[in-house]
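Structure at a glance
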Amino acid sequence: MVDPYPGYRLLREQAPVCHLPEHDLWLVTRHADVVEVLSSPERFSSRLGMGAVPRLPSPRSVDYRIGAPGVRVLIATDPPEHSRLRRAVLAPFSRSAVAKLAPKIEEIADGLVAGLLANSERGTADLYRDLAGPLPVLVLAELLGVSTQVREEFMEWAAVITDDLDMIGAADFQLGRGYDMFRYFYSEIRRRKLEPGEDLLSVVAATDAAGLSPHEVLAFCAFLLVAGIETTANLFTNLIDILFRHPELKKRLWEEPDLAEAVVEEALRYDTSVQGLWRATVAEDELGGVALPAGARLLVLFGSANRDEDAFPGADAFDPARAPNPHLAFGYGHHRCLGAGLAKTELVIALQSLIRATGGIEPNGRPERRNSLVLRGFTAQPVTVWPR
């Protein structure tokens, strides 16, 4: 988990479509093969793949997990159903909607960076706790139109779903936390049905018109927490870790803040937060010259595809000037991340806010990585910052 990329390279060179018999799982590691899978939902199903995610045995079933039987969410549906559900919630993630939200994101980021500086003076600054973690929570609260007072609950609820996606298994105590989440969203959605606004929850509340059941509307809210919080927080911690490992780039960035957007784009490729997701073959098929049986479960490794030398010359070098940069950090095709534009906007604004307010940033202790092979990032990142 510290550095999966040499292992990915070995797989791309020796077994790019590799069967792990003990898990009955196929790893897909080359960029061209990953794109083929993501471009062909009629052959490689998200519904079958996400619904068949292996899990450790649990004493109770968890009915709010992603891919749960009979519960449709965007990540676990195929066209044409996926297209209909995506259109129903598309408006709040449009380019114009994100641009309208940008000033609020900047206000949130500036406030969090001020807190990071204050904590650094006390020797307790942590980039994940003080900036990367709360930023997407507060932005999502703004987008949903809910009080920022629920931000601690949002982060706890996101962890419930994340643990399930990580295949860690759900402990009994998580069931109660999950039900708290659903009770909250149920009451908020009922209120939006009576008093609709322009916020995302009002849009979600109207998705029953797109054929979603009440349980599926709640599952969509749960999915938003993971997609809107965990992945963006992880991306920012990975970005800062990259800067720590490339001090010349960090120095240049603080001298040329306009590089922030290019640095973010390359960081998305270089060390993305979602290393892979599942698909399954609809029928017998072939990929990369390898025969696949019907119902084969594939773990499609975006992290490996993003380091494929055939797609990215000098792939293990961090190059903000890289062009073109067809990375798969947000997926590809019809399942490309709905919130990609929002996530990039948050990352760029947060990085620029950090640069504006500080003279630099350095590690100040041992970071802690997320305990996951699917979601990559840090859950603790102690740092030192000082005023510019």
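Everything quoted here is computed from the prediction, not taken from an experiment. (Residues numbered from 1 in each chain as written. Predicted model: local features only at pLDDT ≥ 70, side-chain atom pairs only at ≥ 80, totals over all residues. Heavy atoms only, no water.)

**Points about the packing of helix α5 (residues 95-121) against helix α15 (residues 340-357)**
Contact geometry for α5 and α15: axes closest at 8 Å, N-to-C directions at 40°. On the basis of their axis angle, the class for α5 and α15 is oblique. Pair α5 / α15 crosses with right-handed handedness. Contacts between α5 and α15 pair V98, L101, A102, I105, E106, A109, D110, V113, L116 and L117 from the former with G341, L342, T345, E346, I349, A350, S353, L354, R356 and A357 from the latter. Here the residues of the contact of α5 with α15 are counted per class, giving 13 nonpolar, three polar and four charged. (Axes fitted to C-alpha atoms, helices over the stretch in contact; angles between N-to-C directions. Helix = DSSP H or I, 4+ residues; strand = E, 2+ residues; numbered from the N terminus. Parallel < 35°, antiparallel > 145°, perpendicular 65-115°, else oblique. Left-handed = near helix turned anticlockwise from the far one by under 90°. Contact = heavy atoms within 4.5 Å. Nonpolar A, V, L, I, M, F, W, Y, C, P; charged D, E, K, R; others polar.)

**Regarding the confidence of the model for the chain**
Note: predicted coordinates in regions of low pLDDT should not be interpreted at a detailed level. Averaged over the chain, the pLDDT score is 88; the fraction of residues at 70 or greater is 89%. The low-confidence segment residues 54-65, where pLDDT is below 50, has 25 contacts with residues more than four positions distant or belonging to other chains. (pLDDT = per-residue confidence, 0-100.)

**Considerations on the packing of aromatic side chains**
What the rule picks out here adds up to five aromatic pairs. When the centroid spacing of 6.3 Å and the interplanar angle of 80° are considered together, the rings of F154 and Y184 count as edge-to-face. Of the two residues, F154 sits in helix α8 (residues 151-165) while Y184 sits in helix α9 (residues 172-194), which places them 30 residues apart along the sequence. Using a relative accessible area of 15% as the deciding quantity, one classes Y184 as buried. On the numbers, 5.4 Å between centres and 80° between planes, the contact of Y270 with F318 is edge-to-face. Taken together, the residues Y270 in helix α13 (residues 260-270) and F318 in the loop between α14 (302-305) and α15 connect sequence positions 48 residues apart. The pair Y270 / F318 is uniform in exposure class, with both members buried. In textbook terms, an aromatic cluster arises when at least three aromatic residues are bridged by ring pairs, as seen for F154, Y184 and F185. (Phe/Tyr/Trp six-rings, centres within 6.5 Å; stacked < 30°, edge-to-face > 60°. Buried < 20%, exposed > 50% of the residue type's maximum accessible area, 1.4 Å probe, protein only.)

**A few points about empty space enclosed by the protein**
It is a probe the size of a water molecule, rolled over the atoms, that shows where empty space is left. Following the criterion strictly, the structure yields three cavities of 30 Å³ or more and no others. Here the largest cavity defines a volume of roughly 670 Å³. Along the walls of the largest cavity sit 40 residues, with F223, A227, T231, C337 and L338 positioned nearest its centre. At the level of elements, α4 (81-88), α7 (134-144), α11 (214-245), β4 (276-281) and α15 are the ones that each hand at least two residues to the lining of the largest cavity. The leading source of residues in the lining of the largest cavity is α11, at nine residues. (1 Å grid on protein atoms, 1.4 Å probe; cavity = no way out; pocket = protein on both sides within 12 Å on 5 of 7 lines; lining within 4 Å. Points joined across faces, edges and corners; volume = space filled by probe spheres on them.)

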